[in-house]
Amino acid sequence: MSNIVVLDNGGGLIKAGHGGERDPAVVIPNCLYRPLSSKKFIHPTTTLADTNEDLTSAAIRRPIDRGYLINPDLQRDIWSHLFTSLLHVTPSSSSLLLTEPLFSLPSIQRSTDELVFEDFGFNSLYVADSPSLVHLYEASRRPDGLVSEARCSLVVDCGFSFTHAAPVFQNLTLNYGVKRIDLGGKALTNYLKELVSYRAVNVMDETFLMDDVKEKLCFVSLDVERDLQIARKHGKDNLFRCTYVLPDGVTHTKGFVKDPEAAQRHLTLTDGDTPSQAAGMKKETDQLEVMERTEERKKADLTKNVVIILTGGSTLFPRFAERLEKDLRPLVPDVYQVKITTQEDPILGVWRGGSLLASSPEYESMCVTKAEYEELGSARCRRRFFR
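Counting starts from 1 at the beginning of each chain's written sequence and moves along it residue by residue. Where totals are concerned, whole chains, interfaces and linings use all residues; where local detail is concerned, this predicted model gives features only for residues with pLDDT of at least 70, and gives and counts side-chain atom pairs only at 80 or more. In computing side-chain properties, one takes all heavy atoms of the structure into account and sets aside hydrogens as well as water.

Per an unreviewed UniProt entry, the recorded name for the chain is Actin-related protein 6, and the organism is Corchorus olitorius. What UniProt states about the chain under its Sequence similarities (unreviewed entry) heading is, verbatim, "Belongs to the actin family. ARP6 subfamily." UniProt positions are given in the numbering used here, feature names are shortened, and annotations may be inferred rather than shown by experiment.

Put into structure tokens, the structure is as follows:
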């Protein structure tokens, strides 16, 4: 098989690399941006968190909205830079494994196929959905684990544009059981911008800055009423109070948390504890949880388990998994155990599943070739991906 390019084309980040590798060679934002110091839009060459450039009030153009491709011309521009300057691949002698959101419209699928075959000239294409790749990777990573033995899971993909809850059975996503809400990291950032702008300083144009604030300071509450009471307190009694220093454009071009330890104080709170009880009980609680989970693994019944795999950048919020389990437990019959697995890297998990699939012996037979696309067209070729 020719060189295989694995491309996880997310609304927030592009993860791209070669099939068979463990990690992608390139992780960049799926956008163009224009700093105040520039007159033209610029291609990012790294994650914007790693750049030293001043991104204050930078304008952004994105080809994807709510998970779906809305600007093929802009996506073509970004991919051209990716393949030529960053990956250094020749599309005409390469195969492309591309991720695509579930329930993508035929018109969007057609635009994607035109980009792949007509604009870039890849010799073959395979389109995969994120949940099936996540399940494949988790099952291969733990051959003796529950996901591998049960051969099914519920994948919760909470990323930049949306959240999907998708059942997967034997590496196939069951489309009729998929649920979706248009809530992801982008919506949370926009809401945070509104809150800060209303109460303090106008940050409606500071997307990159508020993304950083969200990722470093926000968390998922295990007890909303208790945490709201704590947030209303003053001084040291407020465990959530911390300082984020805004960039001044002179001595530092990025914002930062003034006291990183203060930003982690909320982790001392456990479900049902008051702030005064939290510090002394946390260590003992963690030890008990480890012992209980070990015992549960020993007596696991594959017919009485609900497995959920968490993926996507928005699942990185502290306490996300614990809150999901707390809310899910009352909805599941008592005879069933709820097992929630967070991927070792929720941002790269989908790409790693694609890399694994690309290195399998069956990959070549699963692809649609450029000759088949030219003969049959997009609609008929797409049927191969819906098994």
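Right, picking up where we left off after that structure.
Colleague: Give me the nonpolar core: which residues, what numbers.
Modeller: The definition of a nonpolar core used throughout is a set of buried Ala, Val, Leu, Ile, Met, Phe, Trp, Tyr and Cys residues joined through side-chain atoms within 4.5 Å. Each residue is placed in one exposure class: buried if its accessible area under a 1.4 Å probe, protein chains only, is under 20% of its type's maximum, exposed if it is over 50%, and partly exposed if it falls in between. The biggest cluster of nonpolar side chains holds 53 residues, and the ones touching the most others in it are Leu7, Trp79, Leu82, Phe83, Leu97 and Tyr126. The element best represented in this core is helix α1 (residues 72–87), accounting for six residues. Each residue touching Leu7, except ones within four places of it in the same chain, is listed here: Ile14, Lys15, Ala16, Trp79, Leu82, Phe83, Leu96, Leu97, Leu98, Thr99 and Trp351. With twelve residues, the next largest nonpolar core counts Cys158, Val220, Leu310 and Ala321 among its residues. Numbered from the N terminus, helices here are DSSP runs of H or I no shorter than four residues, and strands are runs of E no shorter than two. Only heavy atoms enter the contact rule, under which two residues are in contact if any of them lie within 4.5 Å.

Colleague: Help me get a handle on the sheet that holds strand β9 (residues 124–128), residues and values and all.
Modeller: Here, a strand pair is defined by DSSP locating no fewer than two bridges between the strands. Ordered in space as β3-β2-β1-β8-β9-β18, the six strands form an open sheet in which the pairing is mixed. Both outer strands of the open sheet, β3 (26–29) and β18 (368–369), are each paired with one neighbouring strand and no more. With four bridges joining them, strand β2 (residues 13–18) and β3 adopt antiparallel strand pairing. Within β3, the position partnered with Lys15 by the bridge is Val27. With respect to the sheet, helix α2 (residues 106–119) is in contact with β8 (94–99), β9 and β18, its orientation differing from that of β9 by roughly 150°. Every axis corresponds to a line fitted to the C-alpha atoms, with the helix fit spanning only the stretch in contact, and the corresponding angles, defined between N-to-C directions, vary from 0 to 180 degrees.

Colleague: Just give me the short version of a nonpolar patch on the surface, but keep the residues and values in it.
Modeller: The patches reported here contain residues having more than 30% relative accessible area and no salt bridge. Joining distances are 9 Å for like charges and 5 Å for nonpolar side chains (Val, Leu, Ile, Met, Phe, Trp, Tyr). We get accessible surface area from the Shrake-Rupley algorithm with a probe of 1.4 Å; when it comes to residues, only the shown protein chains can shield them. For salt bridges, the criterion is a side-chain nitrogen of Lys or Arg within 4 Å of an Asp or Glu carboxyl oxygen. A surface patch of nonpolar side chains, about 240 Å² in accessible area, is lined by Ile181, Leu183 and Leu188. Examined against the element boundaries, Leu188 turns out to sit in helix α5 (residues 185–199). Residue Leu188 is classed as partly exposed on the basis of its relative accessible area, which comes to 33%.

Colleague: Can you lay out the side chain of Asp212 for me, pointing to particular residues and giving the numbers?
Modeller: In this fold, Asp212 is placed in helix α6 (residues 207–217). Once residues lying within four places of it in the same chain are set aside, the contact partners of Asp212 are Tyr244 and Gly255.

Colleague: Explain unusual backbone geometry to me, and be specific about the residues and the numbers.
Modeller: Even without being a glycine, Ser57 presents a positive backbone phi close to 60°. The topology assignment puts Ser57 in the loop between β4 (32–34) and β5 (59–61). Note on Ser57: relative accessible area 26%, which makes it partly exposed. Even without glycine at this site, Arg319 takes up a positive phi of about 70°. In this fold, Arg319 is placed in the loop between β16 (305–311) and α9 (320–328).

Colleague: Account for the packing of α1 against α2, with residues named and values stated.
Modeller: Packed helices, taken two at a time, are described by the angle their axes make and the gap between the axes. Where α1 meets α2, the axes come as close as 11 Å, and the angle between the chain directions of the two elements is 40°. Considering their axes alone, α1 and α2 lie oblique with respect to each other. Here α1 runs over α2; the crossing is right-handed. Residue-level contacts link Pro72, Gln75, Arg76 and Trp79 of α1 to Ser111, Leu115, Val116 and Asp119 of α2. Of the residues belonging to the contact of α1 with α2, the class tally is four nonpolar, two polar and two charged. Any angle that is under 35 degrees is reported as roughly parallel, and any over 145 degrees as roughly antiparallel; angles of 65 to 115 degrees are reported as roughly perpendicular and all others as oblique. For a crossing to be left-handed, the near helix must be turned anticlockwise from the far one by less than a right angle; the clockwise case is right-handed. Note on residue classes: Ala, Val, Leu, Ile, Met, Phe, Trp, Tyr, Cys and Pro are nonpolar, Asp, Glu, Lys and Arg are charged, and everything else, Gly too, is polar.

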